[in-house]
Amino acid sequence: MPLSIQAGLWGLLGGLALVLGAAIAWFASLPQRLVAGVMALGAGVLISAVAFDLMDEAFNEGGLLPTAGGFLAGALVYTLANVALARHGARHRKRSGHASGAQQPEAGSGGLAIAVGALLDGIPESVVIGVSLLGGAGVSISTVAAVFLSNMPEGLSSAAGMRRAGRPASYVFGVWGGIALASGLAALIGNLALADAPPEVTAATNAVAAGAILAMLADTMIPEAFETAHDYAGLITVAGFLVAFALAHLGGG
């Protein structure tokens, strides 16, 4: 099977966590602390992926300047886009709890912003999945696991808000199914576009994704996991980091 198709399928797998989360929210109700725990675990895995799968590899391939420039650029672009989306109803798109009022995802008026926000979170992650196959060592399992674990609470919480706003199932699952397909497409395109790119370009791309992911973690996942999991969020995040670190260094990443 061509590498680009493999990349697309792995990206799709990560995106399907959104659909799974939406299905759980539609048919069942999980404890808030469990969802927050999954989010904290995913945050820890993503931090490990940023440090070892992205930044370390970017530095080894392209050196400090492309890595640092891409890292800062990714964080800046994500932050500016996130601020714009927050003003249009997507501030709490990764909300793990079920608070009321302004703390809930603004699913009625901001459904489109929430969907665009999910794309903003997911595209850098999906591109990284596609790029990880270019080295010939196979996909980074730790990165795929991190993407999956970070997407599930987003699909769960946002779909729950959309349901309370009166959105039909066709709308909810259409939105998240479309974003899952877009995630697979982003991984495929990333793999194709960077297949013959010089090391500096690949390094900068990984660093841009790393900056965007780390900014997303600091802005959304970690604060909102802590809001519900409280004192245990740090321990769960550390556990997620350790699991990903072990996978990467035992030949799984």
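About the cut-offs
Residues numbered from 1 in each chain as written. Predicted model: local features only at pLDDT ≥ 70, side-chain atom pairs only at ≥ 80, totals over all residues. Heavy atoms only, no water. UniProt positions renumbered as here; feature names shortened; annotations may be inferred. Helix = DSSP H or I, 4+ residues; strand = E, 2+ residues; numbered from the N terminus. Axes fitted to C-alpha atoms, helices over the stretch in contact; angles between N-to-C directions. Parallel < 35°, antiparallel > 145°, perpendicular 65-115°, else oblique. Left-handed = near helix turned anticlockwise from the far one by under 90°. Contact = heavy atoms within 4.5 Å. Nonpolar A, V, L, I, M, F, W, Y, C, P; charged D, E, K, R; others polar. pLDDT = per-residue confidence, 0-100.

K.L.:
How do you make sense of the UniProt feature "transmembrane region" (unreviewed entry) in the protein when you look at a structure like this?
P.N.:
When the UniProt feature table is mapped to this numbering, "transmembrane region" (unreviewed entry) covers residues 6-27, 34-52, 64-86, 129-150, 171-195, 201-220 and 232-251. Across residues 34-52 one finds 100% helix and 0% strand; the C-alpha atoms that close the span lie 27 Å apart. Between the C-alpha atoms that bound residues 64-86 the distance is 32 Å, and the span itself is 100% helix and 0% strand.

K.L.:
How do you make sense of the packing of helix H2 (residues 32-62) against helix H8 (residues 233-249) when you look at a structure like this?
P.N.:
When two helices pack together, their arrangement is given by the angle between their axes and by how far apart the axes lie. For the pair H2 and H8, the least separation of the axes is 7 Å and the interaxial angle reads 45 degrees. Between H2 and H8, the crossing angle belongs to the class labelled oblique. Crossing of H2 over H8 shows right-handed handedness. Contacts between H2 and H8 involve Gly-37, Ala-40, Leu-41, Ala-43, Gly-44, Val-45, Ile-47, Ser-48, Phe-52 and Asp-53 on the former and, on the latter, Ala-233, Ile-236, Thr-237, Ala-239, Gly-240, Phe-241, Ala-244, Phe-245, Ala-248 and His-249. Of the residues belonging to the contact of H2 with H8, the class tally is 13 nonpolar, six polar and one charged.

K.L.:
Explain the confidence of the model for the protein to me, please; I cannot follow it from the model alone.
P.N.:
Fine structural detail should not be taken from predicted coordinates in areas where pLDDT scores are low. Looking at the protein, pLDDT values average 80 and 87% of them are 70 or higher. The model gives residues 96-110 a pLDDT under 50, and that stretch makes 41 contacts with residues more than four places away or in other chains.

K.L.:
Quick question: what am I supposed to make of the environment of Glu-154 here?
P.N.:
The topology assignment puts Glu-154 in helix H5 (residues 141-164). The sequence separation of Glu-154 and Met-221 amounts to 67 residues, and the corresponding C-alpha distance is 9.3 Å.

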